[in-house]
Amino acid sequence: MSFFFSPLDSPSFRLAWLAGLSKKMLGAGSKNELLDLIDDALSVPVPGGDQGVLEGLAKLYRGQVDPVGSVFDQVDRVGRRGLPEVWVGDTSVLASDAVNAAGRSVSQMREAFHECASVLLTLADAIGAAQRKDEQGRGQLLEQRKTLGGKDGFFDDLHENDEEEWDRKNAAHFGSYAVDLMHDAVSDAQEATRVAARDLNKWAAEARAGKMETSELTAVDKLMLADTGVWGADAELNEILAAGDLARASTRMDRLGLDDEIAMERMLAKSDTPQERAYLMKALAAGHSVAEIGEFQDKIHGKDPDWLRRHLTPVVTAGDSMNDEGLAPDGSNNNKDFVTFNGQRWVQGGDGSEGTCVASSTVTSRAMVDPLYALDLTGGPDGQQDDPDAFKQRLVAEQHRLHTEGDGGENWGGMGPEGQERINDTAVGSATGTDYERQDLDSAAERRAVLTEVEKSVAQGRPVPVDVSGKEGAHAMTIIAQEGDMLQVYNPWGSTTWVSEDDFINGHMGKASNSDLPNAYSVYLPR
């Protein structure tokens, strides 16, 4: 077994290597040089993956669809019979709510098995096609090597007659085409693997109740917490507790001392609504003490779900937000949703007049992952305020605080990468348990390669800052969600919108800002 890593094991290096060989073949000045280049190309590994194994896994997943469907039918029958208003679980969940949540969970499970099977079959087909294309290219290279014959000796190589020159150039032409086939095979396999990883990571994050491994809550409690969405919004797009929140809350629940554990369970049981209960657990996931969470509950207890949504969830995703409605004259998407509190946008400088895009993006990101922080901004010290003007003052003050902490520029303009990384660590990473790391993106290939990690992060509920630029300057935004091949972006000009993976890769990020800022040149990954 070899423990040494070859550069050719990296698909990205393989692509660059094959592209270079294709060009060199066309410019090869001798038969021997061309033969060496053919050997170099043949040394490149075949695209990996076993089509049969993938098809077997897909069959296994698909075989679970009908059994899960049978469970759904049983749960659905219970739900349709009607249940008395009895309480179950440690946190006093209504039995009817629990059954409805179980039905949704089983339905999602059935969908997950079906979709994961489809993903694996698509990947199997793509890997098989890539390997056949690679085999075709290798076959042509072997044929050209046979046509050229063995290497010339020293004196033979000094002179080349017209027929030999024709054979060399002909072999170079067909050899270059063959290498291009191998290059395309690697590219096809790499992209198919990336898309499969994206979709499988997303479905893994959707297995939400399983993220809570704590023994301190019943299965019913875990199910309800995982199922609860923002009131009045599409629950699939607006879960209160992201997958990462559920996992962190579970871990922190297990680490509580006996007194804190009892106090936390009492608060959960006291909650009037599933939303209140979920926000308490989100506060625990963000790292707050039980005493702080108790003070938080005193401020929100008895509030209706709409009040909780407005004060504790800055970004609510509309069900039609991914519809393509074309572009505005400035190059941005027409379909964008404003992020507001009682009419006041979550916008840099309170009115868009300042250049605190880095600090402002960071403030909104922290508010998205920490409901106590959000309430401090929206509700003020006592948590009861509803005044948009007072919110604006607190929002701008917090933007200025982080701008100063990150050594931002004078007159509230601009911030360097070191400061941007630092304030994301202290403001957002401290709540999500991660450390942000800057990654520069100097090419379309690098942007494509980083997508898997970006999408996995946002599926876990960890925002990913993204910097964009153009001829006239730069701007900071945040990637906050992913659905299929679409990325949701928060712009600190006070709105969210969706862009495609292709937009991110190929310089069309102006759809989330304007046409002057098309290129994503760096992201900050939470690790």
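Before reading further, recall that the structure is shown in the block above.
Residues numbered from 1 in each chain as written. Predicted model: local features only at pLDDT ≥ 70, side-chain atom pairs only at ≥ 80, totals over all residues. Heavy atoms only, no water.

A. Seen up close, the overall build of the protein. A count of helices and strands for the protein gives 18 helices and 11 strands. Here the protein, with 527 residues, has 48% of them falling under the buried criterion. (Helix = DSSP H or I, 4+ residues; strand = E, 2+ residues; numbered from the N terminus. Buried < 20%, exposed > 50% of the residue type's maximum accessible area, 1.4 Å probe, protein only.)

B. Examining the pairing of strand S9 (residues 486-491) more closely. Summarising burial for S9: 5 of the 6 residues are buried, a large majority. Here strand S8 (residues 473-483) pairs with S9 via 5 bridges, running antiparallel. Bridging across to S9, Thr478 finds its partner in Tyr490. Where S8 hands over to S9, the hairpin turn is made up of 2 residues, of which Gly484 adopts a positive phi near 60 degrees. Here S9 folds back onto strand S10 (residues 495-500) in antiparallel fashion, the turn holding 3 residues, of which Gly494 has a positive phi close to 105 degrees. (Pairing = 2+ DSSP bridges.)

C. Seen up close, the pattern of salt bridges. Going through the model one piece at a time under the given rule, you end up with 25 salt bridges. Where Asp370 meets Arg366, a salt bridge forms, and the shortest distance between an N and an O atom there is 2.9 Å. For the pair shown, Asp370 and Arg366 are each scored as buried. Within the structure, one salt-bridge network assembled from shared partners comprises Glu191, Arg194, Arg198, Asp199, Arg448, Glu455 and Glu501. (Salt bridge = Lys/Arg side-chain N within 4 Å of Asp/Glu carboxyl O.)

D. The arrangement of the packing of aromatic side chains in detail. Using the criterion set out here, one finds 3 aromatic pairs in the structure. The interplanar angle of 15 degrees and the centroid separation of 6.3 Å between the aromatic rings of Phe13 and Trp17 together place this pair among those described as stacked. Here Phe13 and its partner Trp17 are both found in helix H1 (residues 11-26), 4 residues apart, which amounts to about one turn of the helix. Residue Phe13 is classed as partly exposed on the basis of its relative accessible area, which comes to 37%. Through a chain of ring-to-ring contacts, the aromatic side chains of Phe341, Trp346 and Phe391 assemble into a single cluster. Directly above the aromatic system of Trp307 lies the positively charged group of Lys303, at a separation of 5.1 Å from the ring centroid. Of note, Arg345 hangs over the ring of Phe338, and the distance from its end group to the ring centre comes to 3.7 Å. (Phe/Tyr/Trp six-rings, centres within 6.5 Å; stacked < 30°, edge-to-face > 60°. Lys NZ or Arg CZ within 6 Å of the ring centre and 35° of its normal.)

E. How the structure looks around the sheet that holds strand S11 (residues 519-526). Taken in spatial order, the 7 strands line up as S3-S10-S9-S8-S7-S11-S6 in an open sheet, and their pairing is antiparallel. One side of each edge strand has no neighbouring strand; the edge strands of this open sheet are strand S3 (337-338) and strand S6 (436-440). Docked against the sheet, helix H13 (residues 357-369) engages S8 and S9, running at close to 20 degrees with respect to S8. Lying on the sheet, helix H16 (residues 417-432) is in contact with S6, strand S7 (464-470), S8 and S11; it crosses S6 at an angle near 145 degrees. (Contact = heavy atoms within 4.5 Å. Axes fitted to C-alpha atoms, helices over the stretch in contact; angles between N-to-C directions.)

These figures capture arrangement, not role.
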